[in-house]
Protein chains: 2
Amino acid sequence: MFGCLVAGRLVQAAPQQVAEDKFVFDLPDYENINHVVVFMLGTIPFPEGMGGSVYFCYPDQSGMAVWQLLGFVTNEKPSAIFKISGLKSGKGSQHPFGAMNLPQTPTVAQIGISVELLENLSQQTPVASAAVSSVDSFTEFTQKMLDNFYNFASSFAVTQAQMTPNPSEAFIPANVVLKW
Amino acid sequence: MFGCLVAGRLVQAAPQQVAEDKFVFDLPDYENINHVVVFMLGTIPFPEGMGGSVYFCYPDQSGMAVWQLLGFVTNEKPSAIFKISGLKSGKGSQHPFGAMNLPQTPTVAQIGISVELLENLSQQTPVASAAVSSVDSFTEFTQKMLDNFYNFASSFAVTQAQMTPNPSEAFIPANVVLKW
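So, how was this worked out
Residues numbered from 1 in each chain as written. Chains lettered and ligands numbered in written order. Predicted model: local features only at pLDDT ≥ 70, side-chain atom pairs only at ≥ 80, totals over all residues. Heavy atoms only, no water. Salt bridge = Lys/Arg side-chain N within 4 Å of Asp/Glu carboxyl O. Helix = DSSP H or I, 4+ residues; strand = E, 2+ residues; numbered from the N terminus. Buried < 20%, exposed > 50% of the residue type's maximum accessible area, 1.4 Å probe, protein only. Pairing = 2+ DSSP bridges. Polar contact = N/O pair within 3.5 Å; in protein donor to acceptor, adjacent residues only side chain to side chain. Contact = heavy atoms within 4.5 Å. pLDDT = per-residue confidence, 0-100. Phe/Tyr/Trp six-rings, centres within 6.5 Å; stacked < 30°, edge-to-face > 60°. Axes fitted to C-alpha atoms, helices over the stretch in contact; angles between N-to-C directions.

Re the pattern of salt bridges
Residues and elements named next belong to chain B.
Point 1. Taken as a whole and judged by the stated rule, the model has four salt bridges over all chains.
Point 2. Across the salt bridge formed by Asp 29 and Arg 9, the nearest N and O atoms sit 3.7 Å from each other. Taken together, the residues Asp 29 in the loop between β3 (22–27) and β4 (35–40) and Arg 9 in the loop between β1 (2–6) and β2 (16–19) connect sequence positions 20 residues apart. Each member of the pair, Asp 29 together with Arg 9, is buried.
Point 3. A salt bridge links Lys 22 to Asp 21; the shortest N-O distance between them is 3.2 Å.
Point 4. Taking the relative accessible area as the measure of exposure, Lys 22 reaches 9% and is therefore buried.

This is the structure:
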């Protein structure tokens with residue numbers, strides 16, 4: 001249902017499903033990550049009236065998970081780019097992953113997606129520094145979503161079949177950036 | 001082989017293949033696009049010694065296609081985020097899509113990917129304003145490069161057996177980097 005892409009690395013399309021409505025991607029070597037893209041694969045939409053809140057989770061100095069709300073994805077806005085490089089010193093926010101007890105390791109952060117009622121999402125305030133501009137027109141995308149959904153879903157289904165993404169495979173060290 | 005994602009919209013995973021080594025994604029309503037993510041799906045790597053140059057193409061006032069080089073994707077750096085919102089007044093650059101005669105419509109731009117030799121890519125200079133930082137500290141990454149190279153090379157070889165990274169391609173003249 002969801003994909004996650006760290007700029008410069010391979011895309012991940014197989015989150016760990018930690019609860020019926022909660023999905024987690026691992027982000028190895030998170031201290032070298034600036035931007036993360038979270039998107040719906042287009043295969044399965046959210047149930048009507050539902051959307052996803054997107055959290056960044058990283059271990060604090062004592063190894064406790066700190067969660068910060070980055071933003072949202074919905075059927076109408078099925079992708080978003082977030083900047084996480086400024087978040088590591090921020091405070092945690094309320095989050096719905098409390099009982100998950102995700103194992104924390106020092107260099108691995110997580111992206112967590114929680115499927116919730118849209119009206120709940122609208123009452124949550126993401127950390128401002130995570131915002132990377134995304135959409136200018138909401139309505140327009142609702143239309144586009146309907147127009148394009150069939151084409152997209154069928155085309156992706158073919159290529160997706162061979163993809164065996166694995167969070168541990170996405171690790172690309174920063175040195176490749178130097179090639180630029 | 002490639003995916004393309006406009007921030008806020010559905011991902012596209014089925015580019016039009018306009019030549020054996022050239023792929024094009026349409027970007028409808030491009031004037032409302034800020035960021036575009038281009039990534040390899042992870043199914044098919046570039047052939048050894050090859051990578052992809054990524055172009056943005058939009059129609060100028062007379063309907064002629066203007067092409068601008070955004071950057072590159074390679075097996076070692078299989079995704080990138082580009083900011084295209086500042087490019088519409090820029091000049092075109094040399095590009096390999098000359099003979100394509102892509103039909104231009106006023107509101108539709110394109111992302112073009114051209115598969116080329118890595119040594120050719122290293123001699124091309126993307127438009128500076130398209131860069132979205134994936135690096136915070138140059139020094140830090142130089143260090144990390146040394147620290148991580150072995151881990152990177154070995155883990156990549158194991159987990160991405162199909163991707164055939166080539167260590168000899170990992171070094172590019174420093175002036176190329178400095179241009180960024």
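Don't stop here, the text continues.
Some details on the pairing of strand β1 (residues 2–6) of chain A
Residues and elements named next belong to chain A.
Point 1. Buried residues dominate β1, accounting for five of its five residues.
Point 2. Pairing between β1 and strand β4 (residues 35–40): five bridges, direction antiparallel. Within β4, the position partnered with Phe 2 by the bridge is Met 40.

Side note on the side chain of Ser 79 of chain A
Point 1. Checked against the element boundaries, Ser 79 of chain A lands in strand β7 (residues 79–83).
Point 2. Polar side-chain contacts of Ser 79 of chain A include one of 2.8 Å to the backbone nitrogen of Gly 8 of chain B.
Point 3. A polar atom in the side chain of Ser 79 of chain A sits 2.6 Å from the backbone oxygen of Arg 9 of chain B.
Point 4. Not counting residues within four places of it along the chain, the set of residues in contact with Ser 79 of chain A comprises Val 38, Phe 39 and Val 73 of chain A together with Leu 5, Val 6, Ala 7, Gly 8 and Arg 9 of chain B.

Describing the confidence of the model for chain A
Residue and element names in this part refer to chain A.
Point 1. This prediction gives chain A a mean pLDDT of 77; 69% of its residues lie at or above 70.
Point 2. Within the model, the stretch residues 134–164 combines pLDDT values under 50 with 46 contacts to residues more than four positions away or in other chains.
Point 3. In the model, residues 166–180 has pLDDT below 50 throughout and makes 51 contacts with residues more than four positions away in sequence or in other chains.
Point 4. Complex prediction metrics read pTM 0.73 and ipTM 0.71.

Digging into the packing of aromatic side chains
All names here are of chain B.
Point 1. Evaluated as defined, the whole model comprises 17 aromatic pairs over all chains.
Point 2. Ring geometry for Tyr 55 against Phe 97: centres 5.7 Å apart, planes inclined by 75°, an arrangement best described as edge-to-face. Placement of the pair is Tyr 55 in strand β5 (residues 50–59) and Phe 97 in the loop between β7 (79–83) and β8 (109–117), with a sequence separation of 42 residues. Considered together, Tyr 55 and Phe 97 belong to a single accessibility category, that of buried residues.
Point 3. Between Phe 56 and Tyr 58, the ring centres sit 5.5 Å apart and the planes meet at 25°, which makes this aromatic pair stacked.
Point 4. Owing to a relative accessible area of 0%, Phe 56 belongs among the buried residues under this scheme.

Considering the sheet that holds strand β5 (residues 50–59) of chain A
Residues and elements named next belong to chain A.
Point 1. The antiparallel open sheet is built from five strands, whose spatial order is β2-β3-β8-β5-β6. Pairing within the sheet leaves two strands with one partner each, and these edge strands are β2 (16–19) and β6 (65–73). Between one strand axis and the next, the sheet turns by 30° as a mean value, whatever way the strands run.
Point 2. Sheet topology note: the β2/strand β3 (residues 22–27) ladder contains three bridges and is antiparallel. Within the sheet, the bridge partner assigned to Gln 16 lies in β3 and is Val 24.

A look at the side chain of Ser 122 of chain B
Residue and element names in this part refer to chain B.
Point 1. Counting through the fold element by element, Ser 122 comes out in the loop between α1 (118–121) and α2 (138–159).
Point 2. Accessibility expressed as a relative area gives 15% for Ser 122, which makes it buried.
Point 3. There is a polar contact of 2.9 Å between the side chain of Ser 122 and the backbone oxygen of Glu 119.

A few points about the sheet that holds β4 of chain B
All names here are of chain B.
Point 1. If you trace the three strands from one edge of the open sheet to the other, you get β1-β4-β7, paired in antiparallel fashion. Each having just a single partner strand, β1 and β7 make up the two edges of the open sheet. Adjacent strand axes in the sheet meet at a mean angle of 15°, parallel and antiparallel pairs treated alike.

Notes on the environment of Ala 7 of chain B
All names here are of chain B.
Point 1. With respect to the secondary-structure elements, Ala 7 resides in the loop between β1 and β2.
Point 2. The class of Ala 7 is buried, set by a relative accessible area of 2%.
Point 3. As a C-alpha pair, Ala 7 and Ile 81 span 74 residues in sequence and 9.6 Å in three-dimensional space.

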